[in-house]
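Summary of structural features
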Amino acid sequence: MADVKKVATRDSYGSALKELGAVAENLVVLDADLAGATKTSIFQKAFPERHFDCGIAEANMVNVAAGLSTMGLVPFAATFAMFAAGRAYEQVRNTIGYPHLNVKIGATHGGISVGEDGASHQCCEDFALMRTIPGMTVMCPADDVEARQMVKAAYEMEGPVYMRFGRAATPVFHGEDFRFEIGRGEVLREGADVAVIATGIMVPEAIEAGKRLAEAGIDARIINMATIKPLDGELVLKAARECGKIVTVEEHSVIGGLGEATGGYKGYGFTAIVEILSAALTGGPFLKDLSGKNPDGSNRMYRLGHFFFVINPEFFMGLDTFKKTAGDICRGLRASEKAPGAERIYTAGEKEWLAWQERKDKGVPVGETVQKEILAVRDKLGLSYRFPFEN
């Protein structure tokens, strides 16, 4: 990528604000004594009367931005991600998120690529924090072209927005004919063996990884997911069906970022679904024996009743057989009485358990009919996953 043009998306942010400021008179910019680093200084030079330096007081800056938004202005508040999402979190949550005000947060220097700024400034929690705020849109551009269009899209939409921009210069791979749309992912390379979903500065790395994988005979689909919330879930589900495997790449903690947003779309992750479901159908590791005593002193078998079902409506709810069996299992594991000396342990219905054991002794697997239904759905969707009960 030596000959590829590189631009830091924080520079793109400053340039986009200047371009937008020329046509949007209600746009104002706030900074917290970091205009040179966040690049809002580019806007400041062009429109000094609409740029406000709030000093090293990020929480106050967020409150000022909230107030300005109630006066018909569209404020863009800028500082490092560590301060925007971290230090000012309470104000972002209560002053902007709670009343759903039209404030845009431009957070630069996100992730570990800030390098020279040190560990205290390497914010790898911001996506998680901002995703938890109801109504907050969370985005991270991959290059200069996408960043500039993202700023414009943020201005045009009504409601709070959090945008993360990078410190380091990154390759520009989009052409000027590219059109960014909030909430839409972008397939950069088609593939059928695995889907790699990346965001921000990691997208160019994912593109390069796709090329190397191709050399190794692996056909990887590369997806740029610039909007982390609201996530393009349909694109995720399509990739899961057609590729069978998904890898997410981001400058963020594994907790609460793009990875969890992808795996937990609609509250369901494909791997979790098939693992938990298969365990339920085979009466597997979720049922554990515990020692206990009957009132007469005889031994009594107890079962763990801490049971979870993860059901993706699109994947399973059309199966009447599955719904019936799921109900039977839940009823069989109903909470009835606590085992002596144990905490939160409940017995399973003994009649149901004995019936299951009898069927297994006769060589009839529990849920055999349902297993066939699940396999039929899996094969129809072209998923490559193999269930434990097939072994």
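Data block above holds the structure.
Scope of this entry: the structure provided in the associated data block. (Residues numbered from 1 in each chain as written. Predicted model: local features only at pLDDT ≥ 70, side-chain atom pairs only at ≥ 80, totals over all residues. Heavy atoms only, no water.)

1. Topic: the overall build of the chain
So the rule is basically this: Every helix listed is a DSSP run of H or I at least four residues long, and every strand listed is a run of E at least two residues long, numbered separately from the N terminus. Partly exposed describes any residue whose relative accessible area lies between the buried limit of under 20% and the exposed limit of over 50%, with all areas from a 1.4 Å probe on protein chains only and scaled to the type maximum. Throughout, a residue-residue contact means that at least one pair of heavy atoms, one from each residue, lies within 4.5 Å. Working definition of accessibility: Shrake-Rupley area with a 1.4 Å probe, residue cover restricted to the visible protein chains.
A count of helical and extended segments in the chain gives 16 helices and 15 strands. The buried share of the chain, taken over its 391 residues, is 49%. A sequence separation of at least 24 residues applies to 74% of the contacts in the chain between residues at least 6 apart. Of the roughly 18500 Å² of accessible surface on the chain, a fraction of 54% belongs to carbon and sulfur atoms.

2. Describing the packing of aromatic side chains
Going by this rule: Here a pair means two rings of Phe, Tyr or Trp (six-membered ring of Trp) with centres within 6.5 Å. Their orientation is stacked below 30 degrees between planes, edge-to-face above 60, and tilted elsewhere. Remark: a charge is flagged as sitting over a ring if the NZ atom of Lys or the CZ atom of Arg is within 6 Å of the ring centre and within 35 degrees of the ring normal.
Per the stated rule, a full pass over the model turns up three aromatic pairs. Judged by centre distance (4.6 Å) and plane angle (20°), the rings of Tyr 13 and Phe 165 are stacked. Of this pair, Tyr 13 sits in helix α1 (residues 9-21) while Phe 165 sits in the loop between β7 (161-164) and β8 (169-171), placing them 152 residues apart in sequence. Look at Tyr 13 and you get buried, because its relative accessible area is 0%. With a centroid separation of 5.1 Å and 45° between ring planes, the pair formed by Phe 43 and Phe 47 is classed as tilted. Sitting over the ring of Phe 47, Arg 50 keeps its end group 4.4 Å from the ring centre.

3. What about the pairing of strand β10 (residues 194-198)?
The criterion, for reference: DSSP-based pairing: two strands are paired if at least 2 bridges between them are found. Crossovers are described as right-handed under a simple rule: with the strands pointing away from the observer, the path leading from the first strand over the helix to the second runs clockwise.
Buried residues dominate β10, accounting for five of its five residues. Burial of the side chains of β10 extends over both faces: Val 194, Val 196 and Ala 198 are buried on one face and Ala 195 and Ile 197 on the other. Inspection of the sheet shows β10 paired to strand β11 (residues 220-224) by five bridges, in the parallel sense. Bridging across to β11, Ala 195 finds its partner in Arg 221. Read from β10 through helix α9 (residues 202-215) to β11, the crossover connection turns out right-handed. The sheet contact formed by β10 and strand β13 (residues 246-249) spans four bridges and is parallel.

4. What to know about the pattern of salt bridges
As a reminder, the rule being used: The salt bridge criterion pairs a side-chain nitrogen of Lys or Arg with a carboxyl oxygen of Asp or Glu, the two atoms within 4 Å.
Within this structure, the stated rule accounts for 13 salt bridges. With a shortest N-O distance of 2.9 Å, Glu 58 and Arg 87 are connected by a salt bridge. One end of the pair, Glu 58, is in helix α4 (residues 58-69); the other, Arg 87, is in helix α5 (residues 81-87), with 29 residues separating them in the sequence. Residue classification places Glu 58 among the buried positions, given a relative accessible area of 2%. Classification of Arg 87 by relative accessible area gives partly exposed; the value is 48%. A salt bridge links Arg 148 to Asp 144, with the shortest nitrogen-to-oxygen separation between them at 3.2 Å.

5. What to know about the sheet that holds β13
Rules: Every axis corresponds to a line fitted to the C-alpha atoms, with the helix fit spanning only the stretch in contact, and the corresponding angles, defined between N-to-C directions, vary from 0 to 180 degrees.
Here four strands make up an open sheet; going across it, the order is β9-β11-β10-β13 and the pairing mixed. The two strands at the open ends of the sheet, each matched to only one other strand, are β9 (186-189) and β13. In this sheet, neighbouring strand axes are inclined to one another by 25° on average, regardless of whether the strands run parallel or antiparallel. For β9 and β11, the ladder comprises three bridges, and the chain directions are antiparallel. Bridged to Glu 186 within β11 is Asn 224.

6. Concerning the nonpolar core
Quick note on the threshold: Side-chain atoms within 4.5 Å link the members of a nonpolar core, which is a set of buried Ala, Val, Leu, Ile, Met, Phe, Trp, Tyr and Cys residues.
Counting 40 residues, the largest nonpolar core has Leu 30, Val 92, Met 130, Met 136, Val 138, Tyr 162 and Met 225 as the members making the most contacts within it. The leading source of residues in this core is α4, at five residues. Not counting chain neighbours up to four residues away, the residues in contact with Met 130 comprise Ala 85, Tyr 89, Val 92, Met 136, Val 138, Tyr 162 and Lys 229. Val 7, Val 145, Val 172 and Ala 226 belong to the second largest nonpolar core, which has 28 residues in total.

7. Quick notes on the sheet that holds strand β5 (residues 104-108)
Sheet strands pair by backbone hydrogen bonding; their relative direction is either parallel or antiparallel. Here seven strands make up an open sheet; going across it, the order is β3-β2-β4-β5-β7-β6-β12 and the pairing mixed. Every interior strand has two partners, whereas the edge strands, β3 (51-53) and β12 (227-229), have only one. The mean inter-strand angle of the sheet, taken between neighbouring strand axes irrespective of direction, is 20°. Where strand β2 (residues 27-31) lies against β3, three bridges are found, and the strand directions are parallel. Across the sheet, residue Asp 31 finds its bridge partner in β3, namely Asp 53. Relative to strand β4 (residues 74-80), α4 is tilted by about 170°, and along the sheet it contacts β2 and β4. Contacting β2, β4, β5, β6 (137-139) and β7, helix α8 (residues 144-156) crosses the sheet at an angle of about 170° to β7.

Without other data, these values stay purely geometric and don't point to any function.
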